[in-house]
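As a plain string of letters, each chain reads:
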Amino acid sequence: MNPGLPKQICIIGAGYVGMSYAVLISSFADIKIWDIDSKKRDLINAKKLPIQDLDSESILSEKENWNIVASKNLNEALNKSQLVLICISTDFNESKNSFDVNEMNNLIDQVGKYSPNVQIVIKSTVPIGYSAKITQETGLNILFSPEFLREGMAIRDNQFPSRIIIGKTNQNQACDPYLSVAKEIAKNSPEIFEMSASEAESVKLFSNSYLAMRIAFFNEVDGFALKNNLLIKDIIEGMSADNRIGNYYNNPSFGFGGYCLPKDSRQALVSMNDLPNEIIQSINISNSKRKEFISKYLLHMDKDLYGFYRINMKENSDNMRESASIEIIKILLSAGKQVIIYEPLLNNTNDFDNFELVKNLDEFKERSDIIIANRVTEEILDCKEKLFSRDLSYDTKIRPKNI
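Here the structure is a predicted model, which means the values were calculated and not measured.

Colleague: What exactly am I supposed to notice about the overall build of the chain here?
Modeller: Broken down by element type, the chain carries 14 helices and 15 strands. Against the compact-globule benchmark of 22 Å for 403 residues, the chain has a radius of gyration of 23 Å, which places it among compact chains. Overall size of the chain, expressed as C-alpha extent along the three principal axes, is 70 × 50 × 40 Å. Burial status across the chain gives 53% buried among its 403 residues. Considering only contacts in the chain between residues 6 or more positions apart, those separated by 24 or more positions represent 68%. For the chain, the computed accessible surface area is about 19,400 Å², with 47% contributed by carbon and sulfur atoms. Averaging the positions of the 47 positive and the 54 negative side-chain charges in the chain gives two centres separated by 0 Å.

Structure below.
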């Protein structure tokens, strides 16, 4: 272990990103966490994770000491911390047509007032140019280092990163202690890219935009297969055997959602200004059209009761934010269809109207005239005669009479 590693680190934000770092870093440093959500803080101090992540739970269960503490106020978390990681969500503000960085500004201002010499690392996605601008305004030691974590895979992605990107706000800026921490976590000696903060911010936005574009592309190919009664699995496997295309991010879905891809591709489009941007511009349009297409396809089934098996954003995730299934449900409901949902992560239906939450899987299977699953698992394979999915592991056998 590197003797120069910080002994205490402050992490701001107790979501997937913040908690995955907390779990891994806690093997060699004390972790102080601050989050605006008091329920998350209470769970952490009760030695429970505020997120659903089996890998994190497994690591913590083997630790002798729980050295992750959530503080009631940020100054308390900053006290004696030698490094600060900011891991908060940055939502896309429709009126501003950009990420909302007000909370980020306030946090950095508070960190600067209490710990002006500490190294601050922004892990949150921000507009291109933000890190340089806030550094110039505050004079603080700020780095931008994007994360590339998949939900449900955050621990593994931190331990085996594809690369480490470090964006400097000053050409002569030192990367430690953060770089030492990132290297200590990684088990695969990843390549390290040092660049300007604005270049690193660009890497994050355009990487996610490309992935969103790739998902949208294969979803459009799947629409062609559905329309022409072709096996999408054969088409995609044949395409992906070409090394230039590759066998990844090619599993059709009802559309992409979640925290990152929709908003990051929108921010990337804003960043292009008046430059040619037809491809990036089309990404979210294609995603919306995909959900409309799937909804229309399902409506042509003309079933009495539509059953949705899981509405989380993707497999192994407890995130339902901008879930494509939820958008499709709304379209079906607006068309006067009855919908029931099986989703173990939901305790109530306060966020939705006009559907019933069925908590017993057998009852759900029995009552549903059609079972709609973005991703197929073994527990519903006994319902093949009424199962609709675009998952490559299962090509649906039921089709409408006309589409």
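Colleague: What's the story with the side chain of S240 in this structure? I'm lost.
Modeller: If you trace the backbone, S240 turns up in helix α10 (residues 232-240). The exposure class assigned to S240 is buried, which follows from its relative accessible area of 6%. Within the structure, the side chain of S240 is placed 2.9 Å from the side chain of N250, a separation counted as a polar contact. Ignoring sequence-local partners within four residues, the contact set of S240 consists of F218, I245, G246, N247 and N250.

Colleague: Explain the side chain of S180 to me, please; I cannot follow it from the model alone.
Modeller: By secondary structure assignment, the location of S180 is in helix α8 (residues 178-185). The exposure class assigned to S180 is buried, which follows from its relative accessible area of 10%. Every residue in contact with S180, bar those within four places of it in the chain, is listed here: N2 and L5.

Colleague: I'm lost on the sheet that holds strand β4 (residues 83-86) in this one. Help?
Modeller: Within a beta sheet, neighbouring strands are joined by backbone hydrogen bonds and run either parallel or antiparallel to one another. Here we have eight strands laid out as an open sheet, ordered β3-β2-β1-β4-β7-β8-β9-β10, and mixed in their pairing. Looking along the sheet, the strands with just one partner apiece sit at the ends: β3 (68-70) and β10 (192-196). The average angle at which neighbouring strand axes cross in this sheet is 25 degrees, direction not considered. Relative to strand β9 (residues 164-168), strand β8 (residues 141-144) runs antiparallel, the two being bridged by two bridges. Within β9, the residue paired with L143 across the bridge is K168. Contacts between helix α9 (residues 197-227) and the sheet are confined to β8, β9 and β10, with β10 contributing the most and set at about 120 degrees to the helix.

Colleague: When you look at the sheet that holds strand β15 (residues 387-388) in this model, what are you seeing that I'm missing?
Modeller: Spatial ordering of the open sheet is given by β13-β12-β11-β14-β15, a layout of five strands whose pairing is parallel. The open sheet terminates on both sides in strands that have one partner only, identified here as β13 (355-357) and β15. Here three bridges tie strand β12 (residues 338-342) to β13, and the two strands are oriented parallel to one another. Bridging across to β13, V339 finds its partner in F355. Sitting on the sheet, helix α13 (residues 324-334) touches β11 (305-309) and β12, and the angle it makes with β11 is about 170 degrees.

Colleague: Got a minute to help me understand unusual backbone geometry in this structure?
Modeller: Trans is the prevailing form of peptide bonds, just as negative phi is the prevailing case for residues other than glycine. The amide bond that connects D176 to the next residue, P177, takes the cis arrangement and shows omega of 15 degrees. Located in the positive-phi region is N229, a residue other than glycine, with phi close to 55 degrees. As for its placement among the helices and strands, N229 is situated in the loop between α9 and α10. With relative accessibility at 53%, the residue N229 sits in the exposed group. Backbone geometry at D302 places phi at a positive 55 degrees, although glycine is not the residue there.

Colleague: What exactly am I supposed to notice about the nonpolar core here?
Modeller: Nonpolar side chains tend to gather and get buried jointly when the protein is soluble and globular. Counting 39 residues, the largest nonpolar core has I12, M104 and I108 as the members making the most contacts within it. The dominant element in this core, judged by the number of residues it contributes, is α9, at six residues. When neighbours within four sequence positions are excluded, I12 is seen to be in contact with W34, L74, V84, L85, I86, C87, I88, L107 and V111. Membership of the second largest hydrophobic core comes to 37 residues, among which are A14, M19, L85 and L149.

Colleague: What am I meant to see in helix α6 (residues 130-138) here?
Modeller: Given 3.6 residues to a turn, an α-helix orients residues that are three or four positions apart in the same direction. Those residues of α6 that sit buried are Y130, S131, I134 and T135. Looking straight down α6, one finds its buried side chains confined to an arc of 125 degrees; they lie on one side. The exposed residues of α6 that point more than 90 degrees off its buried face are K133, Q136 and E137. Considering only its buried residues, α6 is in contact with α5 (102-114), β7 (119-122), β8 and α9. Positive backbone phi, at 75 degrees, marks G139, one or two positions downstream of α6.

Colleague: Would you explain the packing of α5 against α6 in this entry?
Modeller: Each packed pair of helices is defined by two parameters, the angle between the axes and the distance between the axes. Look at α5 against α6: their axes get within 12 Å of each other, and the N-to-C directions meet at 40 degrees. Judged by the inter-axis angle, α5 sits oblique to α6. Viewed along their axes, α5 and α6 form a crossing whose handedness is right-handed. Contacts from M104, N105 and I108 of α5 reach α6 at Y130, I134 and T138.

Colleague: I keep staring at the pairing of β4 and nothing clicks. Help me out?
Modeller: Regular strands have side chains that alternate between both faces of the sheet. Residue alternation in β4 divides its side chains into two sets, L83 and L85 and V84 and I86, and both sets are buried. Alignment of strand β1 (residues 8-12) against β4, held across four bridges, turns out to be parallel. Within the sheet, the bridge partner assigned to C10 lies in β4 and is V84. Looking at chain direction, β4 and β7 are connected through four bridges and run parallel. Among the inter-strand pairings, L83 is bridged to a residue of β7, identified as Q119.

Parameters at a glance
- Residues numbered from 1 in each chain as written.
- Predicted model: local features only at pLDDT ≥ 70, side-chain atom pairs only at ≥ 80, totals over all residues.
- Heavy atoms only, no water.
- Helix = DSSP H or I, 4+ residues; strand = E, 2+ residues; numbered from the N terminus.
- Rg over C-alpha atoms; globule rule 2.2 N^0.38 Å.
- Buried < 20%, exposed > 50% of the residue type's maximum accessible area, 1.4 Å probe, protein only.
- Contact = heavy atoms within 4.5 Å.
- Areas by Shrake-Rupley, 256 points an atom, 1.4 Å probe, with all protein chains shown as cover.
- Lys, Arg positive; Asp, Glu negative; His and termini not counted.
- Charge placed at Lys NZ, Arg CZ, Asp CG, Glu CD.
- Polar contact = N/O pair within 3.5 Å; in protein donor to acceptor, adjacent residues only side chain to side chain.
- Pairing = 2+ DSSP bridges.
- Axes fitted to C-alpha atoms, helices over the stretch in contact; angles between N-to-C directions.
- Core = buried A, V, L, I, M, F, W, Y, C linked by side-chain atoms within 4.5 Å.
- Arc of directions from axis to C-beta.
- Parallel < 35°, antiparallel > 145°, perpendicular 65-115°, else oblique.
- Left-handed = near helix turned anticlockwise from the far one by under 90°.

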